[in-house]
Amino acid sequence: MNLRRRLLLFSGPVLALAVTYTYQAHQTNSMKLSAIKAANAALAARAIPSAVGVFIGGTSGLGEAALKKFVVLSVKPRVYFCGRNTAAATRITTALHALNPRAEVHFLPATDLSSLHQSATIAHQIAAAEPKINLLVLSQGYASFGGHNPTADGIEKKLAVSVYSRLLFIRLLLPSLTRAAAEDVALGGRAMSIYAPGDEGRIDEADLAMSDPASFSLARAAQQGTAMNSAALAHLAEVHPEVGWLHVFPGFVAATGYMRETPWWGRAMMGVAGVAATAPEDAGEGLAWLGTDEKWKTGLGLVDWRGGDRDTRTGQTAWWGRVTGAGGWWREGLGRVVWEGVAAKTEEVLRGKGVEG
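These remarks concern the structure in this document. Quick caveat, the model's predicted, so the values are computed rather than measured. (Residues numbered from 1 in each chain as written. Predicted model: local features only at pLDDT ≥ 70, side-chain atom pairs only at ≥ 80, totals over all residues. Heavy atoms only, no water.)

## Examining the packing of helix α5 (residues 116-129) against helix α6 (residues 157-183)
Where α5 meets α6, the axes come as close as 9 Å, and the angle between the chain directions of the two elements is 30 degrees. Comparing their axes, α6 and α5 come out roughly parallel. For the pair α5 and α6, the sense of crossing is right-handed. Residues L116, S119, A120, I122, A123, H124, I126 and A127 of α5 lie in contact with α6, whose contacting residues are Y164, S165, L168, F169, L172 and L173. (Axes fitted to C-alpha atoms, helices over the stretch in contact; angles between N-to-C directions. Helix = DSSP H or I, 4+ residues; strand = E, 2+ residues; numbered from the N terminus. Parallel < 35°, antiparallel > 145°, perpendicular 65-115°, else oblique. Left-handed = near helix turned anticlockwise from the far one by under 90°. Contact = heavy atoms within 4.5 Å.)

Written out as structure tokens, the structure reads:
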């Protein structure tokens, strides 16, 4: 198909979806932006002595925006952020120190978070340094209009980044999260995966890694990755209810880093949708609020960035009209299947590389 024609065909629906989501978000979200900002300001005024935050995928877009809001919410925070862009990391570090001169900032370079070996190495570094973590934010992603693209680990790349890497960070940093939950009365410990709750699809339990190209499509990869995030966090909320488990839909947000691997026509398409996009700074306020407010300190939240409900497990209707949940993607016990299946594949890969998983 001619690229110009492809752009025209896709840009209209994408813009329509963006406008529809933006309208509905303003109608249904439980918190207005002004109230979120007020809550964040009130927390900062409490002068909590310190907080520890870890931001994986923090050198652009949502991760960066959330990091900048988090760093001003305590007196002397300690933050770790991870990404590919070292030039951006230098700029962000300078900005963080300008926002809070007492902040302790650590950048951990990562060239490829689709690699389980690299993800494990970084997670072990953080775990060794931090016995308690108040907030773990996972926003690493890979957006492409290309076809099936397995990694060297045998996992479809989109799922390797958005599911396998994220759940590996959670598993290796879980002791630090649970200790913060037990000992830090003010903030507790919570993990936040920024992806797309509300847009889940059926999970192929026989091929969680989507290694079979015959089962692959862009839509199925996105829906399965979304459902695996929701299911795994639902399971974790059952076995570790003292921790906050958040799967957050940011909506259409301008200037995210997801589109690096996307051809020009795909970036142009998202540029059209940008007329209805949320500013990263606003989404960052919401993410920081979710990551620190008492309401989300424990249990499960499948929400948008303002706390609006996006839990479709019981047959609710997704924002664009698709009915999911009961009779659809969800069943009892699915979260355990996903969590244990991803862990088994991850351990197999890491054992082969002589790395502790």
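## Notes on the environment of G83
Mapping G83 onto the fold places it in strand β2 (residues 78-83). For G83 and D112, which are 29 residues apart along the polypeptide, the C-alpha to C-alpha distance reads 8.5 Å.

## What to know about the side chain of E156
For E156, the position within the fold is in the loop between β4 (135-138) and α6. Buried charge E156 goes without a salt bridge, the closest partner of opposite sign being K158 at 4.2 Å. Within the local environment of E156, its side chain forms a polar contact with the backbone nitrogen of N149, the two atoms lying 2.7 Å apart. For E156, the contacting residues outside a window of four places in its chain are G147, H148, N149, P150, A209, M210 and F216. (Buried < 20%, exposed > 50% of the residue type's maximum accessible area, 1.4 Å probe, protein only. Lys, Arg positive; Asp, Glu negative; His and termini not counted. Salt bridge = Lys/Arg side-chain N within 4 Å of Asp/Glu carboxyl O. Polar contact = N/O pair within 3.5 Å; in protein donor to acceptor, adjacent residues only side chain to side chain.)

## Details of the sheet that holds β4
If you trace the 7 strands from one edge of the open sheet to the other, you get β3-β2-β1-β4-β5-β6-β7, paired in parallel fashion. The open sheet has two edge strands, β3 (104-109) and β7 (299-304), and neither has a second partner. For this sheet, the mean inter-axis angle between neighbouring strands, taken without regard to orientation, is 15 degrees. Judged from the 4 bridges that link them, strand β1 (residues 52-56) and β4 form a sheet pairing that is parallel. Following the sheet pairing, F55 is matched in β4 by V137. Running at roughly 170 degrees to β1, helix α3 (residues 61-70) makes contact with β1, β2, β4 and β5 (190-194) of the sheet. Contacting β1, β4, β5 and β6 (244-249), α6 runs over the sheet at an angle of about 175 degrees to β4. (Pairing = 2+ DSSP bridges.)

## Some remarks on α5
The terminal C-alpha atoms of α5, which comprises 14 residues, lie 20 Å apart, in line with the 20 Å expected from a rise of 1.5 Å per residue. The complete set of buried residues in α5 reads L116, Q118, S119, A120, I122, A123 and I126. Buried residues along α5 sit in contact with β1, β2, β3, α6 and α10 (334-352). (Expected span 1.5 Å × (residues − 1).)

## Regarding the pairing of β3
Pairing between β2 and β3: 6 bridges, direction parallel. Residue pairing for β3: F81 is matched across the bridge by F107. What joins β2 to β3 is helix α4 (residues 86-99), and the crossover it makes is right-handed. (Right-handed = clockwise from strand over helix to strand, strands pointing away.)

## Brief notes about the nonpolar core
Side chains that are nonpolar tend, in soluble globular proteins, to be buried together. The biggest cluster of nonpolar side chains holds 56 residues, and the ones touching the most others in it are I56, L136, Y164, I170 and W245. Where this core is concerned, the elements lending two or more residues are β1, β2, α5, β4, α6, α7 (218-239) and α10. With 13 residues, α6 is the single largest residue contributor to this core. Residues contacting I170, with those up to four places away along its chain left out, are L136, L138, A191, L233, L236, W245 and W339. Residues L67, V79, L96 and V303 belong to the second largest nonpolar core, which totals 34 residues. (Core = buried A, V, L, I, M, F, W, Y, C linked by side-chain atoms within 4.5 Å.)

Function cannot be inferred from these measures alone, as they are strictly geometric.
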